[in-house]
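Summary of the model geometry
The residues making up each chain are set out below.
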Amino acid sequence: MSASTPRDIMEYRHNEVEHRWQAAWEEQGLYRAAVDWDKPKHYAVTMLPYPSGDLHMGHWYAMTPSDARARFMRMKGYNVLFPMGFDAFGLPAENAAVQRNVHPAKWTAENIDRMRKQLRSMGAMFDWDREMVSSEPSYYKWTEWFFKRMFDAGIAYRGEAMVNWSPTLQTVLANEQVIDGKDERNGQPVIQKLMEQWFFALTKYAEELLSFEGLDWPEPVKTMQANWIGRSEGAEVTFRTETDDEIVVFTTRPDTLWGATFMVLAPEHPLVDTLTKPEQQSKVDEYRVAAAAQSELERMEESREKTGVFTGGYAINPVNGARVPVWIADYVLLSYGTGAIMAVPAHDERDFEFARQFGLDVVPVIQPEGQEALDEPSMVEAFVGPGTMVNSGPINGVATTDAKGRANPSVAAAIDWLEENNAGKEAINYRVRDWLISRQRYWGSPIPMIHRRDGGLESVADADLPVVLPKDVEFSGRSPLVDNEEFLATTDSEGEAARRVSDTMDTFMCSSWYWFRYLSPQFEDAPFDPEEAAYWLPVDTYTGGAEHAVMHLLYARFFVKAMRDMGVFAETETIMRSHGRDPSGLFDEPFTMLRNQGQVLGAERLGDRLVVEGTLDRGRLVATSVRVDPDATADAGAVVGELIRRTENLLQVETESGLVGVEVPAETPVDIPEIAGSNDVSQLKHHLEIQRMSKSKGNVVNPDELVELYGADTVRTHLMFAFEWQKGGPWDTRGMVGSHRFIEDVWKLATTPYFPEQVSDKANADLRRKTHQTIAKVGDDMVEFKWNTAVAALMTLRNAMLESLKAHDVDPAVWTEALEALLKMLAPIAPHVTEELWHHLGHSDSVHTQAWPEVDAAAAVEDVVTMVIQVNGKVRDRLEVAADITEEDATAAAMSTEKVKAWLEGGEVRKVIARPPKLVNIVVG
RNA sequence: GCCCGGAUGGCGAAACCGGUAGACGCGGCGGACUUAAAAUCCGCUGCCCCUAAGGGGCGUGCAGGUUCGAGUCCUGCUCCGGGCACCA
C-alpha cells in the first residue's frame, strides 16, 4: 500500500460526490436528448407534478423509479427522452391568494423555483431543455389553440350542468371546498344549481375509448375505464304526458315495459314544472330544495331510504296505454341518461323499494323459470332472474335470459315491437358524460371565446392568442375575471364591442397534451415541432399514480383521438414516412405502456387539541386567540377540540358537538407551548390518517433532510427497495440505514484494493455464477418495474462479494467482472456513487453510457440443487442432488434416506409424484 | 352505495406455471472491538411444545372447497386503500 492509504482518500462523502456529478453531467449535457434516426428511440414520461411548494417523498417515489427505468433503457441501447414540467394552474394557488394575499402567479413561480432545485438534487436524467410550465403564456397559448380547434370541430359546446353554488359568495365552489354541505371558508350552505357551462363531446368517442387494443396497460385500469364509460344496450322509449309533452327514457329492459307502473324524473328535470299539479306544488318545491342541498354522491347511496314526491301528473305507457303517475326522486340524476326513468317495480330492486315505500302498483311481467307465478302482494323483493314474459301483450311467451341487450330474446322482441309501432328505438347509453371543461376561476387557461353584441359566440382569432390572464386583480373568493372590465371588454371580428368569456379551463385540459409540448417547448408555429414528433411519438412508457387511472388518462386518450381526427398530426405523418416509419395507428393512443405506482402514505397522527376564543360570524368562528392544550376540557374556550384539517388559515375543529369552522386572521395570536418564540397557524398539527401524502393533507415527509443526511443515492435506493412499487405503503424513515449500508458497502468493494491469495476454481465459479444470476434477475426486474427485488438481488451480490473480498479466493479478472457488473446494474438506481466509482476504477467515460451487462448463461447455471422430499405433502427431508437428476434417480434417492424410511414404515406406498430436481412427494396410506 | 385493488414474522417485504413459506433489509437478542458510546464486525432470530444432541406440531385476514400438494385456484365473508366527474 502507498503512503496515503485508500481510506484517507476514499471516504464516502455523498454530498460532495453528488453535487460534483450533478454539475458535471449538466455541463456535459449528458441527458440532453436529440433526434437521431439511426438509433431506436424511447420516450419516457412520468406524470408531471403540481407545484405545491416542496417536493415530497411521494414525488421521489414516483419519479426515481421512472428515472431508473429511463436510464436502464439507455444502457439497453435506446436514445431516451425523459423530460419534466409543471402542472401549474389550479386551485391551491387561488387559495393562497385569497387567504394570504399572494398573487397566484408569484406563489406558483416561487414554488416551481424551489421544486426545480429539489428535483435537481434527485440526480434524475431529466432533459431540462424540454421543460414546460402550463401556466406560462407560451404554453397556454396552445391550450387555448386546442380549445379553438375543438370548437371548430364541433367538439366544444355550451350546455348545462349542476355545480356547487355558494349563494353567499355568488360563485361556484370545487367539491374540495365543500365540507358537510357547507362552504369550508365561511360555513355558509352550498346548493346544487344548474348553470351554463362549456363541454367537450367526449361521448362521441365513447365507443373507441372502450378499445384498448395494442396497449400494454394494467388490467385494472382498463376495467375501471370500461366501467366508467359504462356502455349499456337497450332502447329509448317515448312516454307522453297528459299535457302532450314527451318524456324520453332509456332502459336496458324494454321487455319489462308492460310492467312499468310509474315514472320518476330527476327533481331538476325541465318537465317537472309543467307536470306538477297546483295541489302538489308546495311539496314538489320543498323536495327540490332538499335535493339541491345534496351532492350526487350522496344521492347515489343505495342504502338510503328512498324519498320522493308525486307531481300529480300522469304519462301514458306507449305499449299498453296505461296511465302511470309521474314522481320525482333524488336517486334519478339529470346527468345520467335522459334524467327520467320508467319504473318496473316487479323486476328492479330500486323501483321495488320505491313502490313499496309509497304504495305504488307492482305488476309482474316475468314468469320465473321453474317457480310458481309471482304473487304481487306477497313479493318481498324484485325478481331479476330468467323466465318467460307474461302480461306483456305482443311479447307474451318470449323467453327472457340473463343476457344483455339484443342477446336476450325478450329484449330483442320488445325492441322490434317498439320500432314497428313507432314507440321507441334501439339505443346504446353510456354512463360517461361529456367532459365539463369550464371553471369559474381565475388561475387557469382562459377560454378564447367572445360573446358578440348580437348574442352570437365567436372564437378569438389565432393571431390574438393567447388571451392573457390579467395580472392586476383582487382576490375575494370569486373569480376576479367576472368583473374585470379591462379583461372583459374587447371587440369581435367585425370591430363591434364584445365581451370575453370569463371562464377558464379545467386543469385536466393542460395535462391532456403536455407530452407533446415537451418535444419543443419553444416552438412558435404549432403546439409541437413535427420534426421532433415524427421521431419521438408516441410515449413508450408512462408512469404515475393509480389515482389517475380513470379521469386524467381517459381525457388524455380522448384528446389524442380528437387531435388525430382534426388533422393535427398531418405533417408529422409526412415526415415519418420520409424516414421510412409507418405512422398508421401511432396517433390513436397517447401512451403505449402504462405502469402505476402506489402511494407512499403518511403516518397516522392526532391533531393538536385547540382552545379557541373568538366571535361567531355567519356560522363560523373568527378567532381572537388560538392555544394548543392537550389537556383542555370541553368548556375551556369558545371552541375546544382536535384540529382535523387546515386550509391556509381556515381550521376545521372537531368538537364534542361536531365539526366547527374557524378562521384565524393574521393578527390573531397563536400559542403553541411546545414551540418556543412566536407561533403561527402553519405550525399547528392537524389530524393525519394513514393516507396518501399530499400538501393539502399536510402529512408530508420532506426528503431534503434525508438527502442531506444519507445522500440522494441512498434515498433513491431505499424508495425502490422498501416497497412493492405498484403498491406503496406507509413511510418509515428508520429502515433507511439498510440501504445506506448497502451503498457504503459498494463504495468499500470498489475502493478496497483487491489481492488474490487462495484462488480456487470453485470460488471463481461461485462468484461468476452469482454475478450472472444477478445480471439476469436485475435485468428482468427492471423491465417489469420490480425495483425491490432488483435491489435485493444486488444486495445479495454485495454479500457474496464481501465474502470474496475477505477470502481473497477469486481471480482478479473474476473480481473485476463482478465489480463492474455491480456498478453498471446499480447505476440507474444510484447514479452518483456509481459514476464516481466507475471513474475510480480508471474509466474516463460515464457509467451511464455503458451497455447493460450481458448474461453468460453457462456461468449462471446452478449444478447442485436442494431437493425436497415430502411424505403425504409434508416436507420430511432434503437432499442435495445434481440439477439434471432423472425422475428415477430422484425417486430412488428420496425413498432411501433414513428419515423418509422411518415415515414410510407400516404404510403402503400408493403413489410417488416426482418433479426433479426440486421435489418428490410420496403418498402412503 | 358503485367500480378497482390489497391483506404473508415485531416491521418493510420475497416466493417463476399450484411444488422448500418468510429471499433481501429493518428491528431485536447475544458476542467482539472500545474507558464508554456511536460506527463496524461475528452469531441467532415465524410461533408453540418436548429435548442432551435431535425432533414434533402450528402458521400466509376469516369460514369452507378442489388437489398427491394451496400464500397461489374456486365459493362465501371481514377489514383496509384508491376512484366516483370542480383536489391534482
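Since the structure is predicted, the reported quantities are computational estimates derived from the model, not experimental observations. (Residues numbered from 1 in each chain as written. Chains lettered and ligands numbered in written order. Predicted model: local features only at pLDDT ≥ 70, side-chain atom pairs only at ≥ 80, totals over all residues. Heavy atoms only, no water.)

1. Overview of the overall build of chain A
Looking only at helices and strands, chain A features 29 helices and 40 strands. With the C-alpha coordinates of chain A rotated into their principal frame, the extents come out at 105 × 85 × 75 Å. For chain A, the proportion of its 925 residues judged to be buried stands at 54%. Pairs at least 24 residues apart make up 71% of the contacts formed inside chain A by residues separated by at least 6 positions. Here chain A displays about 40500 Å² of accessible surface, and carbon together with sulfur accounts for 49% of that area. Side chains of chain A give 92 positive and 144 negative charges; the mean places of these two sets differ by 2 Å. (Helix = DSSP H or I, 4+ residues; strand = E, 2+ residues; numbered from the N terminus. Buried < 20%, exposed > 50% of the residue type's maximum accessible area, 1.4 Å probe, protein only. Contact = heavy atoms within 4.5 Å. Areas by Shrake-Rupley, 256 points an atom, 1.4 Å probe, with all protein chains shown as cover. Lys, Arg positive; Asp, Glu negative; His and termini not counted. Charge placed at Lys NZ, Arg CZ, Asp CG, Glu CD.)

2. A closer look at the sheet that holds strand 39 (residues 909-915)
One open sheet holds the 4 strands; their spatial order is 38-37-40-39, and the pairing between them is mixed. If you trace the sheet from one side to the other, it starts and ends with strand 38 (874-882) and strand 39, each paired once. Pairwise comparison of adjacent strand axes, ignoring direction, gives a mean angle of 15° for this sheet. As paired elements, strand 39 and strand 40 (residues 919-924) share 6 bridges and run antiparallel to each other. Bridge pairing links Lys911 to Val923 in strand 40. Contacting strand 37 (864-871), strand 38, strand 39 and strand 40, helix 28 (residues 887-895) runs over the sheet at an angle of about 125° to strand 39. (Pairing = 2+ DSSP bridges. Axes fitted to C-alpha atoms, helices over the stretch in contact; angles between N-to-C directions.)

3. A word on the packing of helix 24 (residues 787-807) against helix 25 (residues 812-826)
Between helix 24 and helix 25, the least distance of the axes is 11 Å, while the angle of their chain directions is 150°. Between helix 24 and helix 25, the angle is such that the two are roughly antiparallel. The element helix 24 and its partner helix 25 pack so that their crossing is left-handed. When helix 24 is examined against helix 25, the residues Leu794, Leu797, Met801, Ser804 and Leu805 are found in contact with a partner set consisting of Trp815, Ala818, Leu819, Leu822, Met825 and Leu826. When its residues are assigned to classes, the contact of helix 24 with helix 25 shows 10 nonpolar, 1 polar and no charged. (Parallel < 35°, antiparallel > 145°, perpendicular 65-115°, else oblique. Left-handed = near helix turned anticlockwise from the far one by under 90°. Nonpolar A, V, L, I, M, F, W, Y, C, P; charged D, E, K, R; others polar.)

4. Some words on helix 24
Since the α-helix turns once every 3.6 residues, residues separated by three or four places project in the same direction. For helix 24, with 21 residues, the first-to-last C-alpha span of 30 Å sits near the 30 Å given by 1.5 Å per residue. Of the residues making up helix 24, those classed as buried are Trp787, Ala790, Val791, Ala793, Leu794, Met795, Leu797, Arg798, Met801, Leu802, Ser804 and Leu805. Looking at the buried positions of helix 24, the neighbouring elements they touch are helix 3 (57-75), helix 21 (712-722), helix 22 (736-751), helix 23 (761-783) and helix 25. Trailing helix 24 by a residue or two, His808 shows a phi angle of about 50°, which is positive. (Expected span 1.5 Å × (residues − 1).)

5. Overview of the packing of helix 21 against helix 26 (residues 831-840)
Interaxial distance between helix 21 and helix 26 falls to 7 Å at its minimum, and their mutual angle equals 120°. As far as their axial angle goes, helix 26 and helix 21 are oblique. Of the residues in helix 26, those touching helix 21 at Ala712, Asp713 and Arg716 are Pro831, His832 and Val833.

6. Re the packing of aromatic side chains
The description of an aromatic ring pair uses the distance of the two centres, along with the angle that the planes make with each other. Scanning all chains against the criterion turns up 50 aromatic pairs. On the numbers, 5.2 Å between centres and 75° between planes, the contact of Tyr442 with Phe475 is edge-to-face. On the criterion of sequence distance, the pair formed by Tyr442 in the loop between strand 21 (438-439) and strand 22 (449-451) and Phe475 in the loop between strand 23 (457-459) and helix 14 (485-488) is long-range, its members being 33 residues apart. Overall, Tyr442 belongs to the buried group, its relative accessible area being 1%. Ring geometry for Tyr514 versus Tyr518: centroids 5.5 Å apart, planes at 85°, classification edge-to-face. Given a relative accessible area of 0%, Tyr514 falls into the buried group. Among the aromatic residues, those joined into a cluster by ring pairs are Phe147, Phe151, Trp198, Phe200, Tyr205, Trp435, Phe508, Tyr555 and Phe558. One cation-aromatic arrangement involves Arg120 over Trp128; the distance from NZ or CZ to the ring centre is 5.0 Å. In this arrangement the basic side chain of Arg557 is found over the ring face of Trp217, its NZ or CZ atom lying 5.7 Å from the centre. (Phe/Tyr/Trp six-rings, centres within 6.5 Å; stacked < 30°, edge-to-face > 60°. Lys NZ or Arg CZ within 6 Å of the ring centre and 35° of its normal.)

7. A look at the pattern of salt bridges
Scanning all chains against the criterion turns up 57 salt bridges. For Asp565, the salt bridge goes to Arg564, with nearest N and O atoms at 2.9 Å. Taking relative accessible area as the criterion, Asp565 reaches 47% and is therefore assigned partly exposed. Judged by its relative accessible area of 22%, Arg564 falls in the partly exposed class. Among the ionic contacts, a cluster of salt bridges with common partners joins Glu208, Arg557, Lys561, Arg564, Asp565, Asp588 and Glu589. (Salt bridge = Lys/Arg side-chain N within 4 Å of Asp/Glu carboxyl O.)

8. Considerations on the sheet that holds strand 24 (residues 489-491)
Spatial strand order, 23-22-25-24: 4 strands in an open sheet with antiparallel pairing. Looking at the sheet topology across the chains shown, the edges are occupied by strand 23 and strand 24. Mean inter-strand twist for the sheet, computed between neighbouring axes without regard to direction, equals 45°.

9. So, helix 28
Of all the positions in helix 28, only Ala890, Thr891 and Ala894 are classed as buried. When helix 28 is viewed along its axis, its buried side chains cluster within an angular range of 95° and face the same direction. Next to the buried residues of helix 28 lie strand 37, strand 38, helix 29 (898-904), strand 39 and strand 40. (Arc of directions from axis to C-beta.)

10. A few points about the protein's contact with RNA strand B
Around RNA strand B, the surrounding shell holds 69 residues, and the nearest of these are Asp87, Arg441, Ala722, Arg741 and Asn921. The sugar-phosphate backbone supplies 70% of the atoms of RNA strand B found within 4 Å of the protein. One nitrogen or oxygen atom from the main chain of Asn175 is found 2.6 Å from a sugar or linking oxygen belonging to RNA strand B. A class-by-class count of the residues in the surface near RNA strand B yields 25 nonpolar, 23 polar and 21 charged. (Near = heavy atom within 4 Å. Polar contact = N/O pair within 3.5 Å; in protein donor to acceptor, adjacent residues only side chain to side chain.)

11. Some remarks on the environment of Thr338
Following the sequence through the fold, Thr338 ends up in the loop between strand 14 (323-328) and strand 15 (340-343). Sequence spacing of Thr338 and His269 is 69 residues, and the spatial spacing of their C-alpha atoms is 9.0 Å. Excluding residues within four positions of it along the chain, Thr338 makes contact with Val248, Val249, Phe250 and His269.

12. Focus on the environment of Val221
Checked against the element boundaries, Val221 lands in helix 8 (residues 219-229). With a relative accessible area of 2%, Val221 lands in the buried category. With 77 residues separating them along the chain, Val221 and Glu144 place their C-alpha atoms 29 Å apart. The contacts of Val221, once residues within four sequence positions are left out, are Ala549, Leu553, Leu594 and Asn596.

13. Structural notes on the environment of Val17
Examined against the element boundaries, Val17 turns out to sit in helix 2 (residues 14-28). Taking C-alpha positions, Val17 is 67 Å from His269, a pair spaced 252 residues apart along the chain.

14. Concerning the side chain of Thr714
With respect to the helices, strands and loops of the structure, Thr714 is situated in helix 21. With residues near it in sequence (within four places) discarded, Thr714 still touches Met736, Ser739, His740 and Ile743.

15. Quick word on unusual backbone geometry
The omega torsion of the bond from Leu465 to Pro466 falls at 0°, within 30 degrees of zero and hence cis. One can find Pro466 in the loop between strand 23 and helix 14. Along the chain, Leu537 connects to Pro538 via a cis peptide bond; the corresponding omega equals -10°. Residues other than glycine seldom take positive phi values, yet Gln170 does so here, at roughly 55°. Along the chain, Gln170 falls in the loop between strand 5 (156-166) and strand 6 (171-173). In this model, Asp244 sits at a positive phi of 70°, which is unusual for a non-glycine residue. By the secondary structure assignment, Asp244 is in the loop between strand 10 (231-241) and strand 11 (246-251).

16. Looking at the side chain of Gln870
Of note, Gln870 is situated in strand 37. For Gln870, a relative accessible area of 15% corresponds to the buried category. Sequence-distant contacts of Gln870, defined by excluding residues within four places in its chain, comprise Val875, Arg876, Leu919, Val920, Asn921 and Ile922.

17. Comments concerning the nonpolar core
Counting 90 residues, the largest nonpolar core has Tyr43, Phe147, Phe200, Tyr514, Trp515 and Phe558 as its most contacted members. At 9 residues, the largest contribution of residues to this core is made by helix 18 (residues 551-565). Once residues lying within four places of it in the same chain are set aside, the contact partners of Tyr514 are Val45, Thr46, Met47, Leu48, Met132, Tyr139, Tyr542 and His552. Membership of the second largest hydrophobic core comes to 87 residues, among which are Val80, Val133, Leu802 and Leu822. (Core = buried A, V, L, I, M, F, W, Y, C linked by side-chain atoms within 4.5 Å.)

Keep in mind these values describe shape, not function.
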